[in-house]
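Report on the structure
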Amino acid sequence: MKAAADAHYAAAIKGLAASRSRLSRRSPSNMQRSMSRRRTGNLMLVAHSSTCTAAHWCSAVERPVASVRAFGRTSMSFDANGVDYRMPPEHPYPAALDDCLATYRHVLNGHSPDKVVILGRSAGGNLATAMLLRARDEGMPMPGRLVLLSPQVDLTESGDSFQTNQMIDLVLPRPLRSNNLLYAGGADLSNPYLSPLFGDLRGFPPTFLQTGTRDLFLSNTVRMHRTLRKAGVETELHVFEAMPHGGFMGGTPEDQELEAEIRRFVMASWN
């Protein structure tokens, strides 16, 4: 499975050869060596979407590529790293979160926090947000920006859209409670490190949120926006008409508009 995913990933990044960005996957074991060679500049750290289980790994590898491709038309130079975190069933919570936090810690050794952008989609949005909660609780500085695309920030799935958008969302037609329980490994699903929606989000960086009216995670994203606002965090919410979870898979006017909005939001930090 992993060998097939690696081959797919390698093929996916060929289109980025002419871009001024650089994309690579990082695990905590090789991050220290890489960061010792780069001490300045802009960096995007991507938590990929995988529904937090190894069985979905292969379908997720192109998502970080799509996120980075949005910046290929700019003149801004930056590095992009995707976190190759451990996943259940072999490695349940908190393994993936530990890996993300270790990677972020090494990122800060080589980059100014205000030049770092964290991006997470779906399950990656859960890890990106939980990682920043833990980072803040451990006294680490916050990054310049946070981008959350259809984030799974409530593993209890208590939001309205988990009922109203069942079988309406073509990408995620049904809730994922069995996946959530597998990832949690017996831990309480309402723990903020598992469901960041229920955490204290004070001190978070400016945050970009995206969802669609047919997204199973619509409630997650809307509620996250309100929680961030109540915590005094600068935040944007972008809801696209008829868009399912993860967007329209690229190429549509809506996808292009979303890419432009993300690019504007991130560039405001890097400029």
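Quick note: structure is the one above.
Residues numbered from 1 in each chain as written. Predicted model: local features only at pLDDT ≥ 70, side-chain atom pairs only at ≥ 80, totals over all residues. Heavy atoms only, no water.

Turning our eyes to something else, we now look at the overall build of the protein chain. Looking only at helices and strands, the protein chain has ten helices and seven strands in total. The contacts of the protein chain with a sequence gap of at least 6 include a subset with a gap of at least 24, amounting to 80%. (Helix = DSSP H or I, 4+ residues; strand = E, 2+ residues; numbered from the N terminus. Contact = heavy atoms within 4.5 Å.)

Those residues of helix α8 (residues 177–184) that sit buried are Asn179, Asn180, Tyr183 and Ala184. When α8 is viewed along its axis, its buried side chains cluster within an angular range of 130° and face the same direction. Looking at the buried residues of α8, the elements they touch are α5 (95–110) and α6 (123–137). Phi turns positive, to about 60°, at Gly185, one or two residues after α8. (Buried < 20%, exposed > 50% of the residue type's maximum accessible area, 1.4 Å probe, protein only. Arc of directions from axis to C-beta.)

Turning next to the packing of α5 against α6. With their axes 9 Å apart at the nearest point, α5 and α6 run at an angle of 65° to one another. Judged on the interaxial angle alone, α6 and α5 are roughly perpendicular. The element α5 and its partner α6 pack so that their crossing is right-handed. Contacts between α5 and α6 pair Ala96, Leu97, Asp98, Cys100, Leu101 and Tyr104 from the former with Leu127, Ala130, Met131, Leu132, Arg134 and Ala135 from the latter. A class-by-class count of the residues in the contact of α5 with α6 yields ten nonpolar, no polar and two charged. (Axes fitted to C-alpha atoms, helices over the stretch in contact; angles between N-to-C directions. Parallel < 35°, antiparallel > 145°, perpendicular 65-115°, else oblique. Left-handed = near helix turned anticlockwise from the far one by under 90°. Nonpolar A, V, L, I, M, F, W, Y, C, P; charged D, E, K, R; others polar.)

Let us look at the packing of aromatic side chains. For the structure shown, the criterion picks out three aromatic pairs. Note on Phe162 and Phe217: the rings are 5.6 Å apart at their centroids and 50° apart in plane angle, and the pair reads as tilted. With Phe162 in helix α7 (residues 161–164) and Phe217 in the loop between β6 (207–212) and α9 (218–230), this pair connects stretches of sequence that are 55 residues apart. Judged by relative accessible area, Phe162 falls into the buried class, the value being 1%. Taking the relative accessible area as the measure of exposure, Phe217 reaches 1% and is therefore buried. A centroid spacing of 5.5 Å and a plane angle of 55° characterise the contact between Phe208 and Phe265, whose relative ring orientation is tilted. Here Phe208, found in strand β6, pairs with Phe265, found in helix α10 (residues 253–270); they are 57 residues apart in sequence, far enough to count as distant. Above the ring of Phe265, the side-chain terminus of Arg145 is found at 4.6 Å from the ring centroid. (Phe/Tyr/Trp six-rings, centres within 6.5 Å; stacked < 30°, edge-to-face > 60°. Lys NZ or Arg CZ within 6 Å of the ring centre and 35° of its normal.)

Let us look at the environment of Pro175. Residue placement: Pro175 occurs in the loop between α7 and α8. The class for Pro175 is partly exposed, based on a relative accessible area of 31%. C-alpha of Pro175 to C-alpha of Leu155: the two residues are 20 residues apart in sequence and 9.8 Å apart in space. Beyond its immediate stretch of four places on either side in the chain, Pro175 contacts Glu157, Phe162, Gln166 and Leu216.

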